[in-house]
Amino acid sequence: MPAILVLADGTKFRGYSIGIEGNVSGEVVFNTAMTGYQEILTDPSYTEQLVTLTYPHIGNTGINSEDSESHKIFAKGLIIRDLPIIESNFRSTLSLANFLVSEKIIAIAGIDTRQLTKHIRTYGAQPGCIAAGIFDEKDIAQNANKFPGLSGMDLAKVVSTDKEYLFSEGEWALGSGYEDIKKTSYNVVAYDYGVKKNILRMLASRGCRVNVVPANMPANKVLALNPDGIFLSNGPGDPEPCDYAIKNIQTLINEKLPIFGICLGHQLLGLASHAKTHKMKFGHHGANHPVQDLETGKVFITSQNHGFAVDEKTLPDNLKATHRSLFDGSLQGISRIDSPAFSFQGHPEASPGPTEMSYLFDKFINMMIKAKKK
Amino acid sequence: MAKRKDIKSILIIGAGPIIIGQACEFDYSGAQACKALKEEGYRVILVNSNPATIMTDPELADATYIEPIQWQVVSRIIEKENPDAILPTMGGQTALNCALDLDKHGVLKKFNVELIGASKESIDKAEDRQKFKEAMERIGLASARSVIAHSIEEAIQVQDGIGYPSIIRPSFTMGGSGGGIAYNKEEFLAICERGLDASPTNELLIEESLLGWKEYEMEVVRDSKDNCIIICSIENLDPMGVHTGDSITVAPAQTLTDKEYQIMRTASIDVLREIGVNTGGSNVQFSINPEDGRMVVIEMNPRVSRSSALASKATGFPIAKIAAKLAVGFTLDELKNDITGGQTPASFEPTIDYVVTKIPRFAFEKFPQADSRLTTQMKSVGEVMSIGRTFQESFQKALRGLETDADGLVEYSNNIDEIIKELREPGPNRIWFVGDAFRSGLSINDVFKHSKIDPWFLYQINDLILTEQEIKNFSISSLNAEHIFNIKRKGFSDSRIAHLMGCMEEEVRNYRHSINLHPVYKRVDTCAAEFETKTAYLYSTYEETCESNPSNNKKVIIIGGGPNRIGQGIEFDYCCVHASLALRESGFETIMINCNPETVSTDYDISNRLYFDPVTLEDVLEIVHKEKPWGVIVQYGGQTPLKLAKGLAEHNVPIIGTLPDDIDAAEDRERFQKILVDLNLRQPPNKTARTPEEAIMHAEDIGYPLVVRPSYVLGGRAMEIVHEQSDLERYMREAVKVSNDSPVLLDRFLNDALEIDVDAISDGVDIVIGGIMEHIEQAGVHSGDSACSLPPYSLSKEVQKEIIIQTKKMAKALNVIGLMNVQFAVQGKNIFVLEVNPRASRTVPFVSKAIGRPLAKIAANCMAGKTLAQQNMVKEITPPFFSVKEAVFPFIKFPGVDPILGPEMKSTGEVMGVGKTFAEAFIKSQLGSSVILPKGGKAFLSVRKEDHLKVLDIAVSLKNLGFKLVATKGTAKAIKNHGLKVEAVNKVAEGRPHVVDMIKNDEIDFIVNITEDKRAIADSYEIRRNALQNKVTYYTTIAGARAACVGMNYGEELDVASLQSLHKISS
């Protein structure tokens, strides 16, 4: 079945379909990670995005029952160079193609993904439309143009959980799967702006009783849960329109509660502290990004997935920069100096990507211990 | 932490000669290290015995010592140069072992030299099997179940707990030397014996077999601030049981999920930390059970390795350069990633958007007695790497890049039993048998069951076979643009497509070009296009957009030599690199085409542009089409580009230097003969035979002994000396297939002739002799296998003069522009021309180092239009010191192979010894090739009847040197008649106790063993093999033995001298 990808600027890539028939528009972004397509597809942060993976063979290890970051595929579409003839991995239970079809995803393969990546690098992330099956190229181009873009789009609210729930699954280990956490020591409320499961798992494995709450749950209700710490999750879209979240976070900061934010959560902490965010040209999406811990000078290889960023130049006096990207010097971590709140732009929970930033979770736990002592 | 200021000078130890398991990759790493440290202002001192390396070019270090890599010698260098530190991680196992020796003998302490890049403790921990295992346990990583043994008795005792098959790995050896897989007790004992011998610490690791498990490698770099990055993950297509160096490998790893990959990533970093690799690159090998993902650590190398060279070329990340800078205190975040023009730091992990395939190249045709089954001991002599956007494309490009007459998955067999056997017990051609298996109807499951190759790869290969069936149904006229695009996208070569469709390669190409279908070129940029790159490191693929962006500059393409093989190795890469450097200096834009990941030529910063593509007519034509060069150099990369010359010329490719037609005139027997006749020069009497009968008839005319060989061969393939008609009949029956198209050449063999090699340069008008080399072994031993001396050590001045005249005549007649090599045989005053090659020869780097002028550079400039006079190369340079080149052989790796020298080349590498006298240079050349001349003891002599007189002076010398003499009966009689005391001993066939018993009992210290005809060779095989196995110094030629006596007579202590100081005195 033929398929096409048309970008808003009219650039066309012809390939073949590896998902269902139809067409879909979204923001086209590229991710340079060579492994972890299952995690990427199921990461809620990819809502409204058509993701292209720069590694040419995608689907080599199939899909398994353990590696999803949520209950479904959130990416709006998938764009790859080659879907291999067969998957091969001892944990695989399903092929990628079958997964895409069962999740009703439109996807295209067989295109020059390197050229697409260069295009995005040069002209910036932009709307696009994938069509599979029978289509009129003109309509597809129009569809691409109709997509409004992510700026100003509050998606956290859209993907967040409707009601609060407890999460007690711990981290994954080869051979034994996910740990079942029975004993907990810290009561953590995690705002779900589109949270990845591995964040919750890493909290649970560190003894957190994780209470996942909707994005718009008011601060007073959160406080009523008597938390030892607040977690601000990752998520899709622009942080700026999430005024409800910003307001709630401001209240919680004032309570001097330990707060840890990741990705969108980091941007919201910045906004709540009166820093400013902006949309990046094509963002950071990959698993090889060097980030320097400004305190120790040590460099970490991190997993990244963001299209918006907190602007370091706008940091108020009560926020200090803690991490910086060595790729483009952009701000990667902040910390309040007047309150136990900190956040990280990349993904310390990895999944996919290197796991070496996990010390930030330990830092959060230590903050809670310290706060409890007081 | 920034650059260390407390050290000012650094000694880099090289890897020595090219041997199996240690090849050009250490020239790549050493050259990068030299450049990196010099760039930082350190005084760099270098020791390496291998003259054919770029790293030993005098410009690369401040003081370059071409000396044996042996602690006593290195100690003298340290004494003389007084370095503050030693960097031992760039020269493979040789350098590490030398560093450990220097430490053990107190040299480091005495001269207060610090090891940088690796500590003694970390080397020990990584290399000592027991310590390594314990270390892995400490960090919670599983290893294969294993036990350590230090003797045969102990080995037998502990083996019980392991079971068969078991893997035997000797400690502190490289390339799995001495190790193997034992399926039964007999094999176990044999391998243990060999392994104990090979291990310098007499230690073996006996390990549970993980046969059939998947194998992976991780390339890791760590700095002093504990910043760790993974440069590349590699997955072996061949599962456990085949040495990584002999395995087809693919980057990045294909069949790991992110979770599994991250476990391996974290584990490899933990390994570096635990072992204590504080700065630099290492590789860590893992094995994974495909059933449940259980992961075990196999081993690690605390230094740059063959895999790091591969990882560097596969990703564009210069591991050796970075490792050298980390060793002097820099941290990763302080260093820039060159390939992105410094936009990004070196502290990141390369991500790639293509697939890399490496396939090893073997040389079993040279060693027919060797066991060609692949095991844990490395047996390949070279490798090819290729890059494609998909596995299929990359894999098929690698197949054709190997140059083994396979332009794809060619058919090997349709015998199902043979196929299954090859799948189960892998040999050098297993991958083609996988193709045959599918052709013969075996299912993917069957093939998996037999080979344990991951189904992911098997499906890909099966798909290629299915595609081949489809191609067979096409013809040029039924193809359309979409078909051919899809076929080319899977990596099929034009010639394979033509073969399958039953047409000519040219027809496929013409069709493809008629629809304007050319490959595009993508860039290797370390970042999957996330950042812009100006570095033109390119590979071909069939995609939409081309990123080549060729310039309009005046440019020269240099065609490289492809994978290393016996007869074509690092020497040719050296020449290609020099051509590129010289022409860049002269203002040209230079473009390199090559596919050998080990080499310096495939470093992205050697040429202005690098095309990492197979060196085949199709691939080169496409690049020429894209680049439109002013000139193309074909005479530097050995036979590989030379073979393409005709095809390129037919496509009007502007070849510079000697014209293809003149090259052909030198290679074509009849044309060349005519030229010699016209010039009034002599050849040994010779004839060409097209039938066995004709051969016998011609043989009678010429007279025996004869050198016989098939026409058009490289490295003396199937070349033999025959002494009588029955010999010749056997040869015609067994060794060659003679026909009209492939005639056999018969040459009169010149008894006791000296062989002379000459390298010369011509600019088309003037001709200058680069060097005259007198071979030590007599004519009949392949020139690549003989030792030689520059200047000649016994050749008369008159003969030298005459040789120069003859060389110049031939260069003129062949219109040589560039390099030319001539081989002469000299019998008394008679000079015979054996061969002329109007191209770079194996000896060019040796001569250049000996005389202090870069011949390859000068010749490249000649090809580009400069005269010799403009380059101040007007007369021959005769240095006031001796340089001796000695060949190095892989016999120890091939049990069962006779280590005798003959007309067929068998050496893998070479060393150079430099001395004030021939004797000193000769000893050093022997020491450099790990031949230690004994100081006394018992010498055993056994020579042919015709040598009975010639052996006498050797016997006298040995006697005077204090040796007791032992000889076989005939030889003993001759010696006794000469009035010397000698003990007679039985030949093997004469009953026990015989000479081999004595060798085995360590009673013999020196052996001279000369044999010739087939039978005598077979009879004395045991002598040579046991001498080799028991490390007894032996010579199989009178000339070699005589030179050894001269060497042993040299009484003074060996002196060391840098090339820079030597060149100063000769200029």
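Notes on the structure in this doc start here. (Residues numbered from 1 in each chain as written. Chains lettered and ligands numbered in written order. Predicted model: local features only at pLDDT ≥ 70, side-chain atom pairs only at ≥ 80, totals over all residues.)

1. Quick look at helix α28 (residues 844-851) of chain B
We apply this condition: Partly exposed residues are those falling between the two cut-offs: more than 12 but fewer than 20 other C-beta atoms within 10 Å of their own, whereas 20 or more means buried and 12 or fewer means exposed, with C-beta atoms placed from the backbone. Note on conventions: DSSP H or I runs of at least 4 residues are helices, E runs of at least 2 residues are strands, and numbering of each starts at the N terminus.
Of all the eight residues making up α28 of chain B, eight are buried; the element is thus mostly covered by neighbouring parts of the structure. Three or more residues of α28 of chain B are buried, namely V844, P845, F846, V847, S848, K849, A850 and I851 of chain B.

2. Some points on the sheet that holds strand β3 (residues 63-65) of chain B
Two pairing modes exist for strands in a sheet, parallel and antiparallel, and in both the strands are linked by backbone hydrogen bonds. Residues and elements named next belong to chain B. Our working definition: Note: two strands are recorded as paired if DSSP finds a minimum of 2 bridges between them.
Spatially, five strands are ordered β3-β2-β1-β4-β5 in an open sheet, and the strand pairing comes out parallel. Whereas interior strands pair on both sides, the edge strands pair on one side only; in this sheet they are β3 and β5 (114-115). In this sheet, β5 lies alongside strand β4 (residues 85-87) in parallel orientation, the contact comprising two bridges. Bridge pairing in β5 places A85 opposite E114.

3. Topic: the nonpolar core
Stated formally: Here, a nonpolar core denotes buried Ala, Val, Leu, Ile, Met, Phe, Trp, Tyr and Cys residues that are linked to one another through C-beta atoms within 7 Å.
Core analysis: the biggest nonpolar cluster contains 445 residues, and I130, A190 and L203 of chain A together with I633 of chain B have the highest contact counts within it. Looking at this core element by element, the count peaks at ten residues for helix α20 (residues 570-585) of chain B.

4. Some thoughts on the pairing of strand β33 (residues 909-915) of chain B
Put simply, side chains in a regular strand alternate between the two faces of the sheet. Residue and element names in this part refer to chain B. Burial analysis of β33 places seven of its seven residues in the buried class, the great majority of the element. Where burial is concerned, the two faces of β33 agree: the one with G909, V911, G913 and G915 and the one with E910, M912 and V914 are both buried. Sheet topology note: the strand β32 (residues 882-888)/β33 ladder contains seven bridges and is antiparallel. Bridge pairing in β33 links A887 to E910.

5. With respect to helix α3 (residues 113-123) of chain A
Put simply, the rule is: Residues are treated as contacting if the C-beta atoms built from their backbones sit within 7 Å of each other.
All buried positions along α3 of chain A are accounted for by T113, R114, L116, T117, K118, H119 and I120 of chain A. The elements touched by buried residues of α3 of chain A are β2 (12-17), β3 (22-31), β4 (49-53), β5 (77-79) and β15 (277-293) of chain A together with β17 (520-523) of chain B. G124 of chain A sits one or two positions beyond α3 of chain A and adopts a positive phi of about 90°.

6. A look at the sheet that holds strand β25 (residues 720-722) of chain B
Residues and elements named next belong to chain B. The condition that has to hold: Fitted lines through C-alpha atoms give the axes, limited to the stretch in contact for helices. The angle between two N-to-C directions lies from 0 to 180 degrees.
Spatially, β23-β26-β24-β25 is the arrangement adopted by the four strands of the open sheet, whose pairing is antiparallel. Two strands lie at the open edges of the sheet, namely β23 (686-689) and β25, each paired on one side alone. This sheet shows a mean twist of 25° between the axes of neighbouring strands, independent of strand direction. As paired elements, β23 and strand β26 (residues 744-748) share four bridges and run antiparallel to each other.

7. Here we look at the packing of helix α13 (residues 416-424) of chain B against helix α14 (residues 430-439) of chain B
All names here are of chain B. How we decide: Under this scheme an angle from 65 to 115 degrees is roughly perpendicular, one under 35 degrees roughly parallel, and one over 145 degrees roughly antiparallel; angles in between are oblique. For any pair of crossing helices, the crossing counts as left-handed if the nearer helix is rotated counterclockwise from the farther one by less than a right angle, and right-handed if it is rotated clockwise. Nonpolar residues are Ala, Val, Leu, Ile, Met, Phe, Trp, Tyr, Cys and Pro. Charged residues are Asp, Glu, Lys and Arg, and all others, Gly as well, are polar.
Axis separation between α13 and α14 bottoms out at 9 Å; the angle between their running directions is 135°. Accordingly, the angle class assigned to the pair α13 and α14 is oblique. Considering only the axes of α13 and α14, their crossing is left-handed. Together, I419, E422 and L423 of α13 and R430, F433, V434, D436 and A437 of α14 make up the contact between the two elements. A class-by-class count of the residues in the contact of α13 with α14 yields five nonpolar, no polar and three charged.

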